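# Report on the structure
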Amino acid sequence: MKLLTHNMLTSHVKGVTKGYPLIIKATEVKVNELEFNAQFVSRMIPKLEWSALIQAAEWLGQSQDLPSALIPDYENDEEFLRKVHRILLEVEVIEGCLQCPESGREFPISKGVPNMLLNEGE
Amino acid sequence: MKLKELESCLQQVDGFEEPKILLEQYLTSPHIAGCMLYTIHNTFDDIQHKLVADLGCGCGVLSIGAAVLDAGLCVGFDIDEDALDIFKGNVEDFELSNIDMVQCDVCSIGSSFAKKFDTVIMNPPFGTKHNQGKSHLCCCFLKTAISMANTAVYSLHKTSTRDHIQKKANDWKMKMEVIAELRYDLPASYKFHKKKSVDIQVDFIRFTPT
């Protein structure tokens, strides 16, 4: 599971009003290289919940020197974009789970795939 | 990449070992997948450097194709763990890193992905006599797809349901364009099929916000 995907995932457990962001508890993390494309990263940034991304990076011990708030004119800052590229697309959670911040319900991540299926009645 | 090259590339994608009837599992043929992706990429430029979602991805033919065509990232969504395992194997064989996947029920993921994806591509279940309770499965997939896509949704639907889909598109304020009519040759992958293959006429449709 990449962090770009994690940034979009929420918990739909019954009764939960804000199941976001899902807390990441990782037991295995990998970094897989992916070709950098400045335009793509630049376009993804406005779609992100930036604070959730920073938090996710922290949970994985990967926050390095990402700013806690977006810098202005980031589209032209290649160094910044490369850092974002790495955290969004190259860092992957292979094993662990995602926890709903409100209900505590855990969604397992196995072989890189988060399982968001709910049981009947949830 | 030429269409023939894309098709031959997609022929390497492994399919279902034991397809599940209730989930309507079958591999989108390399020819159909190739035609779809080639058009989406060359005519509409909706794949390269874009964030793409593949709903009901199964073994991942459409996602693999999108990744090969240089999608920024393609995320596959499917309910079945076995299918996703095969998908993962395919991703490894192709050595692709611009793919991710989520196990979930496409009909219940609601609005968490609202407008987050540039493009949604899918070959949704059509709803057959075996899952009658879900005969409008393709509509619920379509509804989710529309909520997730910023630019366009590309989907296959039975030609016989065209009017019904058009009505839904109107209700959801979407413009519907039938890009092509394709003949779908479903191999007799299920034991109960009497004929060798089942021919279905499908529309390849593009939905965009009005």
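Predicted model, so just to flag it, every value in this text is computed and none were measured.

This part takes up the packing of helix H3 (residues 61–68) of chain B against helix H4 (residues 81–94) of chain B. All names here are of chain B. Two elements in contact, H3 and H4, have axes separated by 10 Å at closest approach and are oriented at 25 degrees. As the angle between them shows, H3 and H4 are arranged roughly parallel. By crossing handedness, the relation of H3 to H4 is classed as right-handed. Residues Ser63, Ile64 and Val68 of H3 touch H4, and the partners they reach there are Phe87, Asn90, Val91 and Phe94. Residue composition of the contact of H3 with H4, grouped by class: 5 nonpolar, 2 polar and no charged.

For the structure shown, the criterion picks out 7 aromatic pairs over all chains. Aromatic pair Tyr74 of chain A and Phe80 of chain A: ring centres 6.4 Å apart, planes at 50 degrees, arrangement tilted. In this pair, the class of Tyr74 of chain A matches that of Phe80 of chain A, namely buried. Judged by centre distance (6.2 Å) and plane angle (40 degrees), the rings of Tyr154 of chain B and Phe204 of chain B are tilted. Remark: Phe204 of chain B occurs in strand E7 (residues 197–209) and Tyr154 of chain B occurs in strand E5 (residues 149–158); sequence separation between them is 50 residues.

What follows deals with the interface of chain A and chain B. Residue-level contacts link 25 residues of chain A with 28 residues of chain B. Summed over both partners, the interface of chain A with chain B comes to about 2,200 Å²; 59% of that surface belongs to carbon and sulfur atoms. Three residues stand out in chain A for area buried against chain B, namely Met8, Lys47 and Leu117 of chain A, and they jointly supply 27% of the buried area on that side. Inspection of the region where chain A meets chain B yields 3 salt bridges. Between Asp118 of chain B and Lys47 of chain A there is a salt bridge whose closest N-O contact spans 3.4 Å. At 4 residues, the largest contribution of residues to the side of chain A that touches chain B is made by helix H2 (residues 38–44) of chain A.

Glancing now at the layout of surface pockets. Residue and element names in this part refer to chain B. Space inside the largest pocket adds up to approximately 510 Å³. In terms of lining residues, the largest pocket is bounded by 30 residues, among which Leu23, Gly56, Asp78, Pro125 and Phe141 are the most central. Taken together, the elements giving at least two residues each to the lining of the largest pocket come down to H3, strand E2 (73–78) and helix H5 (137–148). The class makeup of the residues in the lining of the largest pocket is 18 nonpolar, 7 polar and 5 charged.

What counts, and where the lines are drawn
- Residues numbered from 1 in each chain as written.
- Chains lettered and ligands numbered in written order.
- Predicted model: local features only at pLDDT ≥ 70, side-chain atom pairs only at ≥ 80, totals over all residues.
- Heavy atoms only, no water.
- Axes fitted to C-alpha atoms, helices over the stretch in contact; angles between N-to-C directions.
- Helix = DSSP H or I, 4+ residues; strand = E, 2+ residues; numbered from the N terminus.
- Parallel < 35°, antiparallel > 145°, perpendicular 65-115°, else oblique.
- Left-handed = near helix turned anticlockwise from the far one by under 90°.
- Contact = heavy atoms within 4.5 Å.
- Nonpolar A, V, L, I, M, F, W, Y, C, P; charged D, E, K, R; others polar.
- Phe/Tyr/Trp six-rings, centres within 6.5 Å; stacked < 30°, edge-to-face > 60°.
- Buried < 20%, exposed > 50% of the residue type's maximum accessible area, 1.4 Å probe, protein only.
- Buried area = accessible area lost by both parts, 1.4 Å probe.
- Salt bridge = Lys/Arg side-chain N within 4 Å of Asp/Glu carboxyl O.
- 1 Å grid on protein atoms, 1.4 Å probe; cavity = no way out; pocket = protein on both sides within 12 Å on 5 of 7 lines; lining within 4 Å.
- Points joined across faces, edges and corners; volume = space filled by probe spheres on them.

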